[in-house]
Amino acid sequence: MPEAFEIELRSTGEVLTVTPDRTALQVLQERIPGIDSNCLRGECGACVQTLLAGEPLHLDTVLSARAKAAGRRFIPCVSRAAGGRLVLDL
């Protein structure tokens, strides 16, 4: 079972908790209406967000190995944090 993690919104400093039974996208869409999404399977990249800090656990298939290694993008419909907190440019 996935573990809970936190997302910090850079613009406000607000910290959101993503529980094991929810996706980061679900939590983000509750606070920020209008975040794009499409496939909800990590295949299209519509929901991609800029990652400023933290270690993502990439579970998507849309980002290349190079993009995943760079650690600057996050696909919130399926990906999670490897631990702790992610800071997003939102």
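From a predicted model like this one, the values you see are computed outputs, not experimental measurements. (Residues numbered from 1 in each chain as written. Predicted model: local features only at pLDDT ≥ 70, side-chain atom pairs only at ≥ 80, totals over all residues. Heavy atoms only, no water.)

Novice: I tried to follow the pairing of strand β7 (residues 85–88) on my own but got confused; where do I start?
Specialist: The side chains of a regular strand alternate, residue by residue, between the two faces of the sheet. For strand β1 (residues 5–9) and β7, the ladder comprises four bridges, and the chain directions are parallel. Residue pairing for β7: Leu 9 is matched across the bridge by Leu 88. Both strand β3 (residues 49–53) and β7 contribute to a ladder of two bridges, which runs antiparallel. By the bridge assignment for β7, Leu 51 is matched with Leu 88. (Pairing = 2+ DSSP bridges. Helix = DSSP H or I, 4+ residues; strand = E, 2+ residues; numbered from the N terminus.)

Novice: Just to check I follow, could you spell out the pattern of salt bridges for this structure?
Specialist: Any two side chains of opposite charge can pair, given that their charged atoms come close. Evaluated as defined, the whole model comprises six salt bridges. For Glu 6, the salt bridge identified is with Arg 85, shortest N-O distance 2.8 Å. Linking Glu 6 in strand β1 with Arg 85 in strand β7, this pair joins segments that are 79 residues apart in sequence. We classify Glu 6 as partly exposed; its relative accessible area is 28%. Here Arg 41 ties to Glu 43 by a salt bridge, and the two come within 3.2 Å at their closest N and O atoms. Assessed through its relative accessible area of 52%, Arg 41 is described here as exposed. The exposure class assigned to Glu 43 is partly exposed, which follows from its relative accessible area of 44%. One network of salt bridges, with partners in common, ties together Glu 6, Glu 8 and Arg 85. (Salt bridge = Lys/Arg side-chain N within 4 Å of Asp/Glu carboxyl O. Buried < 20%, exposed > 50% of the residue type's maximum accessible area, 1.4 Å probe, protein only.)

Novice: I tried to follow helix α1 (residues 24–31) on my own but got confused; where do I start?
Specialist: An α-helix turns once per 3.6 residues; consequently, residues spaced three or four apart project the same way. Listing the buried residues of α1 in full gives Ala 24, Leu 25, Val 27 and Leu 28. The buried residues of α1 occupy an angular sector of 160° when projected down its axis, which confines them to one face. Those residues of α1 hidden inside the fold are in contact with β1, β2 (15–18), β5 (73–74) and β7. (Arc of directions from axis to C-beta. Contact = heavy atoms within 4.5 Å.)

Novice: Can you help me understand the environment of Leu 9 in this one?
Specialist: Mapped onto the fold, Leu 9 is located in strand β1. The sequence separation of Leu 9 and Ser 37 amounts to 28 residues, and the corresponding C-alpha distance is 18 Å. Apart from residues no more than four positions distant in its own chain, Leu 9 is found in contact with Glu 14, Leu 16, Leu 28, Ile 32, Leu 88 and Leu 90.

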